[in-house]
Amino acid sequence: MSAALDYKNYREVVVGAVESLAREHSDIVFLDSDLSSCITSTSFEKEFPDRFINCGIAEANMAAVAAGMSAAGLTPFIHSFGCFASRRMYDQVFLSIAYAKRCVHIIGSDPGITAQYNGGTHMPFEDIALYRQIPNFIVLEPSDGLSLYELTKQVYSKKQNSYIRTPRKGVFYRYDEGTKFEIGKGIELRDGSDVALIATGQVMVDNALEAYDILKKDGINATVIDLHTIKPLDEDLILKVAKRTGHVIVCENGRYAGGVGEGIAAFLAKNYPVKMDFMCVKERFGEVGNLAYLKEAFGFTGTNLAEMAKELIK
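What comes next is a walk through the structure.

Describing the layout of surface pockets
1) Next: Volume-wise, the largest pocket comes out at about 300 Å³.
2) Next: Lining the largest pocket are 18 residues; nearest its centre among them are Thr-114, Gln-116, Pro-167, Lys-169 and Leu-291.
3) Next: Sorting the residues of the lining of the largest pocket by element identifies helix H9 (202-217) and helix H12 (291-297) as the ones contributing at least two each.
4) Next: Counting residues per element, the lining of the largest pocket draws most heavily on H9, which supplies 3 residues.
5) Next: A class-by-class count of the residues in the lining of the largest pocket yields 8 nonpolar, 5 polar and 5 charged.
6) Next: Approximately 240 Å³ is the volume found for the second largest pocket.
7) Next: Along its surface, the second largest pocket is lined by Phe-94, Ala-98, Tyr-99, Lys-101, Arg-102, Cys-103, Ile-134, Pro-135, Asn-136, Lys-159, Gln-160 and Asn-161.
8) Next: The residue makeup of the lining of the second largest pocket, split by class, is 6 nonpolar, 3 polar and 3 charged.

In structure tokens:
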């Protein structure tokens, strides 16, 4: 059985993937911003004590240190909460890492409403938009533990910068052992002809599958896409399902401006315009609460998505 299926939390999955890579490649190092216990990178430190650095609560400096280590021939994976991994160290990522052509892999944990009780200050709804702006960056948001593990391992061989969006607590396994994942290639979970539900991350893929079941009872056949790679977009798959259905709803645990939905809308506007809608964060900030409450508060439910699909088709 794959080691990825043994973990109890997403944080263990993503760190476990980096540990697996580190056993094979001596250039891999891990940098954390005083959040080792939050992401369980203490296990990496224990196994590779000379390849782990706690940079403290200084995320911008951590990004600059990672850039320097990359310049010296190392491959850093660095972690902080998504809000800090995007907003707080963005200038250093843009200039010291991306512009300088250094290869660093960034793990941003607890994106969007998955920050839960850390509240509005710690809910990054704009991290997708920020990282989509940087040339040659891979942006991932896998929807289960196995895809997170396998795609995290794949970024190493790409030799490109990456931003990996993942919750920390709990883990869900959607896919069977042996499932093939490929960066830049989405997965078609359901095949329908009336509307396409394109979703990224566990919260939204779960919603899309729930909406599929609701719509099916009403005689509406939906396509469901797990778009685990936000950048580069799987343009071939998006175009195929747009042509098949003529109606597309993009579901993301983030803001529309600069996000997945806006990217797909721009692509389809140029190549094959269809009727569209978007399940995303509107003009608001985050708030404190558990995931069930926040899903209701932000309208991120399968029932709501099914109603959106019905209105769009109408």
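Some thoughts on the packing of helix H10 (residues 235-245) against helix H11 (residues 260-271)
A packed helix pair is summarised by two numbers, namely the angle formed by the two axes and the spacing between the axes.
1) Next: Close contact between H10 and H11 brings their axes to 11 Å; oriented N to C, the two are set at 65°. Read as a crossing pair, H10 and H11 show a hand that is right-handed. For the pair H10 and H11, the contacting residues are Glu-235, Ile-238, Leu-239 and Ala-242 in the first and Ile-264, Phe-267, Leu-268 and Asn-271 in the second.
2) Next: In terms of residue class, the contact of H10 with H11 is built from 6 nonpolar, 1 polar and 1 charged.

Considering the nonpolar core
1) Next: Membership of the largest hydrophobic core comes to 42 residues, with the highest contact counts inside it found for Met-89, Val-93, Ile-106 and Tyr-131.
2) Next: Setting aside residues no more than four positions away along its own chain, Tyr-131 makes contact with Ala-85, Ser-86, Met-89, Tyr-90, Val-93, Ile-106, Phe-137, Val-139, Tyr-163 and Lys-231.
3) Next: Core analysis: the second largest hydrophobic core is formed by 30 residues, Ala-211, Ala-222, Cys-251 and Val-281 among them.

Quick notes on the packing of aromatic side chains
1) Next: Taken as a whole, this structure holds 13 aromatic pairs when the rule is applied.
2) Next: Between Tyr-131 and Tyr-163, the aromatic rings sit 4.2 Å apart at their centres with planes inclined by 10°, giving stacked as the arrangement. One end of the pair, Tyr-131, is in helix H7 (residues 127-132); the other, Tyr-163, is in strand S6 (residues 162-166), with 32 residues separating them in the sequence. In this structure, Tyr-131 and Tyr-163 share a single accessibility class: buried.
3) Next: Note on Tyr-256 and Phe-278: the rings are 4.8 Å apart at their centroids and 65° apart in plane angle, and the pair reads as edge-to-face. Taken as a pair, Tyr-256 in the loop between strand S11 (247-255) and H11 and Phe-278 in strand S12 (residues 275-281) lie far apart in primary sequence, 22 residues in all.

Some remarks on the environment of Ile-220
1) Next: Relative to the helices and strands, Ile-220 is located in the loop between H9 and strand S9 (222-226).
2) Next: Each C-alpha atom, one on Ile-220 and one on Gly-192, is 8.2 Å from the other, the two residues being 28 residues apart in sequence.
3) Next: In contact with Ile-220, not counting residues within four places along its chain, are Asp-194, Val-195, Leu-215, Lys-310 and Ile-313.

Focus: the sheet that holds S11
1) Next: Read from one edge to the other, the open sheet built from 5 strands follows the order S7-S9-S8-S11-S12, with strand pairing classed as mixed. In this open sheet, the two edge strands, each paired with only one partner strand, are strand S7 (187-190) and S12. Sheet twist, expressed as the average angle between the axes of neighbouring strands with direction ignored, equals 25°.
2) Next: Pairing of strand S8 (residues 195-199) with S9, which is carried by 5 bridges, proceeds in the parallel orientation. From the neighbouring strand, Ala-199 faces S9, where its bridge partner is Asp-226.
3) Next: Against the sheet, H11 touches S8, S11 and S12, its axis set at about 150° to S11.

A closer look at H10
Residues separated by three or four positions in an α-helix point in the same direction, a consequence of the helix having 3.6 residues per turn.
1) Next: What H10 keeps buried is the set Leu-237, Ile-238, Val-241, Ala-242 and Thr-245. For H10, the buried positions fall inside an angular range of 130° around the axis, keeping them on one side. Residues of H10 that are exposed and point more than 90 degrees away from the buried face comprise Asp-236 and Lys-243.
2) Next: Buried-residue contacts for H10 involve S7, S8, S9, S11 and H11.
3) Next: Just beyond H10, the residue with positive phi is Gly-246, at close to 75°.

Thresholds applied
Residues numbered from 1 in each chain as written. Predicted model: local features only at pLDDT ≥ 70, side-chain atom pairs only at ≥ 80, totals over all residues. Heavy atoms only, no water. 1 Å grid on protein atoms, 1.4 Å probe; cavity = no way out; pocket = protein on both sides within 12 Å on 5 of 7 lines; lining within 4 Å. Points joined across faces, edges and corners; volume = space filled by probe spheres on them. Helix = DSSP H or I, 4+ residues; strand = E, 2+ residues; numbered from the N terminus. Nonpolar A, V, L, I, M, F, W, Y, C, P; charged D, E, K, R; others polar. Axes fitted to C-alpha atoms, helices over the stretch in contact; angles between N-to-C directions. Left-handed = near helix turned anticlockwise from the far one by under 90°. Contact = heavy atoms within 4.5 Å. Core = buried A, V, L, I, M, F, W, Y, C linked by side-chain atoms within 4.5 Å. Buried < 20%, exposed > 50% of the residue type's maximum accessible area, 1.4 Å probe, protein only. Phe/Tyr/Trp six-rings, centres within 6.5 Å; stacked < 30°, edge-to-face > 60°. Pairing = 2+ DSSP bridges. Arc of directions from axis to C-beta.

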